[in-house]
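Residues per chain, in single letters:
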Amino acid sequence: MTSRKPRTIQTMKPATAAKKLGVYLEATPDEFREGVVSRDELNALQAEPPAWLEELRRNGPHPRQVVAARLGISVSGLARGGVSEALTTEQIEALRSENPEWLQKERTIQAEVRRESVRIKEKQAKEAKQAQQATARKDR
């Protein structure tokens with residue numbers, strides 16, 4: 001007869017939890033930054049976000065990956081554009097309305113990357129289907 005080990009609680013660093021929640025770590029409350037977050041606590045924060053989390057998601061400051069997504073560009077494009085700090089929703093909207101040349105260029109690059117990804121995926125699917133058909137013909 002084997003004995004079952006007690007279930008260990010999975011924990012993560014606050015930086016990991018903030019990334020999973022899509023918020024900027026430096027803007028979170030002290031008690032969040034100074035402790036560890038269990039998987040159950042993370043799930044609870046995602047299911048029923050407290051006021052501070054809702055406020056951060058709504059108004060920021062937002063981490064770079066969120067800023068990039070809201071601008072429709074990559075994180076690398078954000079860096080090429082000279083944006084290295086977290087931005088608030090208001091700052092993101094201001095950038096959108098200004099629509100500087102670097103942002104237009106990065107959006108074009110991102111659109112090309114997406115088109116190329118779709119083209120490659122379709123090509124791979126077509127090749128897989130042809131290989132499957134060839135195998136089926138061979139088996140007859």
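All of the points below concern the structure found in this document. As a convention, each chain's residues are numbered from 1 in the sequence order in which they are written. Only residues with pLDDT of at least 70 are given local features in this predicted model, and only at 80 or more are side-chain atom pairs given and counted; all residues enter the totals for whole chains, interfaces and linings. Derived side-chain values reflect all non-hydrogen atoms in the structure, with water molecules and hydrogen atoms excluded from consideration.

A look at the overall build of the protein chain
Strands are runs of DSSP state E lasting at least two residues, helices are runs of H or I lasting at least four, and both sets are numbered from the N terminus onward. Looking only at helices and strands, the protein chain has eight helices and two strands in total. Scanning the protein chain from its N terminus toward the C terminus, one meets helices and strands in the order β-α-α-β-α-α-α-α-α-α. Based on C-alpha atoms, the radius of gyration is set beside the globule rule, defined as 2.2 Å times the residue count to the power 0.38. In summary, the protein chain has a C-alpha radius of gyration of 22 Å against a globular reference of 14 Å for 140 residues, an excess of more than 25%. Projected onto the principal axes, the alpha-carbon positions of the protein chain cover approximately 70 × 65 × 25 Å. A 1.4 Å probe rolled over the protein chains alone gives each residue an accessible area, and that area as a share of the maximum for its type sets the label: buried under 20%, exposed over 50%, partly exposed in between. Relative to its full complement of 140 residues, the protein chain shows a buried share of 25%. Restricting to contacts in the protein chain with at least 6 residues of sequence separation, those with at least 24 account for 55%. Measuring between centres, the 26 positive side-chain charges of the protein chain sit 12 Å from its 20 negative side-chain charges. Any two residues whose heavy atoms approach within 4.5 Å are treated as being in contact. Under the convention used here, Asp and Glu are negative, Lys and Arg are positive, and both His and the chain ends fall outside the count. Charge positions are represented by NZ for Lys, CZ for Arg, CG for Asp and CD for Glu.

A few points about helix 7 (residues 89-98)
Turning to helix 7, its buried residues are Thr89, Ile92 and Leu95. In an axial view of helix 7, the angular spread of the buried residues amounts to 120°, which keeps them on one side of the axis. Along helix 7, the residues that are exposed and aim more than 90 degrees away from the buried face are Glu90, Ser97 and Glu98. If you follow the buried residues of helix 7, they end up packed against helix 4 (51-59), helix 5 (64-71) and helix 8 (101-139). Asn99, located one to two residues past helix 7, shows a positive phi value of around 45°. Directions from the helix axis toward the C-beta atoms define the arc.

Concerning the packing of aromatic side chains
In this analysis, rings of Phe, Tyr and Trp, with Trp reduced to its six-membered ring, are considered paired at centre separations within 6.5 Å, and the interplanar angle assigns stacked below 30 degrees, edge-to-face beyond 60, and tilted for intermediate values. Overall, the coordinates contain one aromatic pair when judged by the stated rule. Between Phe32 and Trp52 the ring centres are 5.5 Å apart and the planes differ by 55°, which places this aromatic pair in the tilted class. Placement of Phe32 in helix 2 (residues 30-34) and of Trp52 in helix 4 is noted, with a sequence separation of 20 residues between them. Residue Phe32 is classed as buried on the basis of its relative accessible area, which comes to 8%. With a relative accessible area of 24%, Trp52 lands in the partly exposed category.

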